[in-house]
Amino acid sequence: MRATVLLIAVVLLGLMAGLFYAYAGSVMPGLRRAEDRTVVDAMQRINIAIQNPLFLVIFLGALVAGVVAMFLYRDEPAVGWPLLIAVLLYAATLLITFTRSIPLNNRLAAGDLSDAREIREFFLEPWIRWNTVRTLTSTGAFLASVWAQQQQ
């Protein structure tokens, strides 16, 4: 059972790292080249679309599965320590999401397309910066979980 929980943690952490990288590697560079109204409209629509049950299960499930796996391997330091690193890095990812990305998204959601240039100026570059940090922390969490899995 614990190997299955660890595998679930690895897969969920990998999915989240991939999601953040997809934004960093394609979505945001593409939006940087777009008109102000397009950026605002696209990000407002993306932020609505991503709020769905499957995303929530993966987004929060990565932390839950990591914590459960860490508990199940608590007597095996070769697995437990990398899992602790994975959990801490993913917790940092969630902290950034809740304290930086979501507040920016909320301000964006309240924006009016008639002020698209102003909205883009406060939103785009800070969001990209924090998403880059989330990409790094979530990728680190994924790699640490893979390391843990290799130690079983």
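Visitor: How do you make sense of a nonpolar patch on the surface when you look at a structure like this?
Guide: Side chains of Leu 7, Val 11 and Leu 15 sit close together on the surface and give an oily, nonpolar patch of about 250 Å² of accessible area. Mapped onto the elements, Val 11 comes out in helix H1 (residues 2–32). Given a relative accessible area of 44%, Val 11 falls into the partly exposed group.

Visitor: What's the story with helix H2 (residues 36–49) in this structure? I'm lost.
Guide: Given 3.6 residues to a turn, an α-helix orients residues that are three or four positions apart in the same direction. Along its 14 residues, H2 runs 20 Å from first to last C-alpha, staying within 8% of the 20 Å computed at 1.5 Å per residue. Val 39, Val 40, Met 43, Gln 44 and Asn 47 are the residues of H2 that are buried. Each buried residue of H2 lies within a common arc of 120° when the element is viewed along its axis, so the set occupies one face. Turned more than 90 degrees off the buried face of H2, the exposed positions are Arg 45, Ile 48 and Ala 49. As for H2, its buried residues are in contact with H1, helix H4 (77–109) and helix H5 (116–150).

Visitor: Before we go on, may I ask you to explain the pattern of salt bridges in this structure?
Guide: When their charged atoms lie close together, side chains carrying opposite charge are able to pair. Applying the stated rule across the entire model yields 6 salt bridges. A salt bridge links Arg 32 to Glu 125, with the shortest nitrogen-to-oxygen separation between them at 2.6 Å. With Arg 32 in helix H1 and Glu 125 in helix H5, this pair connects stretches of sequence that are 93 residues apart. Taking relative accessible area as the criterion, Arg 32 reaches 42% and is therefore assigned partly exposed. We classify Glu 125 as partly exposed; its relative accessible area is 35%. Between Asp 36 and Arg 117 there is a salt bridge, with the nearest N and O atoms lying 3.8 Å from each other. With Asp 36 in helix H2 and Arg 117 in helix H5, this pair connects stretches of sequence that are 81 residues apart.

Visitor: Could you clarify how one ought to interpret the environment of Ala 109 in this entry?
Guide: Counting through the fold element by element, Ala 109 comes out in helix H4. C-alpha separation for the pair Ala 109 and Arg 134, spaced 25 residues apart in sequence, amounts to 21 Å.

Visitor: Hey, could you run me through the packing of H1 against helix H3 (residues 53–72) in this one?
Guide: A packed helix pair is summarised by two numbers, namely the angle formed by the two axes and the spacing between the axes. With their axes 8 Å apart at the nearest point, H1 and H3 run at an angle of 140° to one another. When the interaxial angle is binned, H1 and H3 end up oblique. Handedness of the crossing formed by H1 with H3: left-handed. Counted together, Arg 2, Val 5, Leu 6, Ile 8, Ala 9, Leu 12, Leu 13, Leu 15, Met 16 and Leu 19 of H1 and Phe 55, Ile 58, Phe 59, Gly 61, Ala 62, Ala 65, Gly 66, Val 68, Ala 69 and Leu 72 of H3 form the full contact between these two elements.

Quick notes on the rules
Residues numbered from 1 in each chain as written. Predicted model: local features only at pLDDT ≥ 70, side-chain atom pairs only at ≥ 80, totals over all residues. Heavy atoms only, no water. Patch = residues over 30% accessible without salt bridge, like charges linked within 9 Å, V, L, I, M, F, W, Y side chains within 5 Å. Areas by Shrake-Rupley, 256 points an atom, 1.4 Å probe, with all protein chains shown as cover. Salt bridge = Lys/Arg side-chain N within 4 Å of Asp/Glu carboxyl O. Helix = DSSP H or I, 4+ residues; strand = E, 2+ residues; numbered from the N terminus. Buried < 20%, exposed > 50% of the residue type's maximum accessible area, 1.4 Å probe, protein only. Expected span 1.5 Å × (residues − 1). Arc of directions from axis to C-beta. Contact = heavy atoms within 4.5 Å. Axes fitted to C-alpha atoms, helices over the stretch in contact; angles between N-to-C directions. Parallel < 35°, antiparallel > 145°, perpendicular 65-115°, else oblique. Left-handed = near helix turned anticlockwise from the far one by under 90°.

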